[in-house]
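Reading the structure
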2 protein chains.
Amino acid sequence: MIRRNSERTSFAKEMFGGPGVMKASQILNADEFCGKGRLFNHVVLEPGAGVGLHRHKNDFEVYYLLKGTATYNDNGKEVEVGPGDVMVCPDGEEHSIVNTGTTDVEIIALILFS
Amino acid sequence: MIRRNSERTSFAKEMFGGPGVMKASQILNADEFCGKGRLFNHVVLEPGAGVGLHRHKNDFEVYYLLKGTATYNDNGKEVEVGPGDVMVCPDGEEHSIVNTGTTDVEIIALILFS
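Residues numbered from 1 in each chain as written. Chains lettered and ligands numbered in written order. Predicted model: local features only at pLDDT ≥ 70, side-chain atom pairs only at ≥ 80, totals over all residues. Heavy atoms only, no water.

1. Some details on the overall build of chain A
- The number of helices and strands found in chain A is zero helices and eleven strands.
- The C-alpha atoms of chain A give 14 Å as radius of gyration, which agrees with the globular expectation for 114 residues (13 Å, within 12%).
- Dimensions along the principal axes, computed over C-alpha positions, put chain A at roughly 40 × 30 × 25 Å.
- Residues classed as buried in chain A amount to 53% of the 114 residues present.
- In chain A, 63% of the contacts between residues at least 6 apart in sequence involve partners at least 24 apart.
- When the accessible surface of chain A is split by element, carbon and sulfur atoms take 49% of a total near 4,900 Å².
- Averaging the positions of the 11 positive and the 16 negative side-chain charges in chain A gives two centres separated by 6 Å. (Helix = DSSP H or I, 4+ residues; strand = E, 2+ residues; numbered from the N terminus. Rg over C-alpha atoms; globule rule 2.2 N^0.38 Å. Buried < 20%, exposed > 50% of the residue type's maximum accessible area, 1.4 Å probe, protein only. Contact = heavy atoms within 4.5 Å. Areas by Shrake-Rupley, 256 points an atom, 1.4 Å probe, with all protein chains shown as cover. Lys, Arg positive; Asp, Glu negative; His and termini not counted. Charge placed at Lys NZ, Arg CZ, Asp CG, Glu CD.)

2. What to know about the environment of N29 of chain A
All names here are of chain A.
- Inspection of the secondary structure assignment puts N29 in the loop between strand 3 (22–28) and strand 4 (37–45).
- Residues N29 and R8 lie 21 residues apart in sequence; the distance between their C-alpha atoms is 8.8 Å.
- Each residue touching N29, except ones within four places of it in the same chain, is listed here: R3 and T9.

3. Details of the sheet that holds strand 2 (residues 10–13) of chain A
- The seven strands lie next to each other as 2(A)-3(A)-4(A)-11(A)-6(A)-9(A)-1(B), forming an open sheet whose pairing is antiparallel. Looking at which strands have only one partner, the edges of the open sheet turn out to be strand 2 of chain A together with strand 1 (2–3) of chain B.
- Bridge count for strand 4 of chain A against strand 11 (residues 105–113) of chain A is eight bridges, and the pairing is antiparallel. Looking at the pairing, H42 of chain A lines up with I108 of chain A of strand 11 of chain A. (Pairing = 2+ DSSP bridges.)

Right, dumping it as structure tokens:
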């Protein structure tokens, strides 16, 4: 099955009270995980935009940073991250991310059930 | 948990008799899926390189094409794919991909259990 880029579902929304909006386009739709997860998105954060602090329950999330520079909050500890860095938020833990650079941040986000 | 780009596992190997080698760097390692999958990689195929035809059994694979142009074989049907296109090979089906362009192809590959 091939889904063309133009056929993918995209949206922009404020996330967990984070600054600005998160722009996302779905790689898989929620019913395409064979029950193993619920989110696989290509995310864009413009400078200053971010995803607010939130805790994961019954699932875990992976951010894979493709482009840009961001500040990642890993259970209260803030760290600067860049291209190629991988951030994992296990079940029960919390995280947030903000684009603190001057160019767009691009992330692949994956949420699987734990 | 943060894994820096420099700490990620990378490798290059021939895949299923495909031309050339596939270069890949792991986003998650095999023991980090909470049992839901087994592969989440950033893949690079140089011009002419590809992953040979293979059938999935007890899992399914998603390719998300970030850069470049490739020919994707979807159960025997060849289709040209480009940036932003999503290719899903469900359990029991077969696929292959070859970089038929002049620049590197970059793919995010995800295998979850079905």
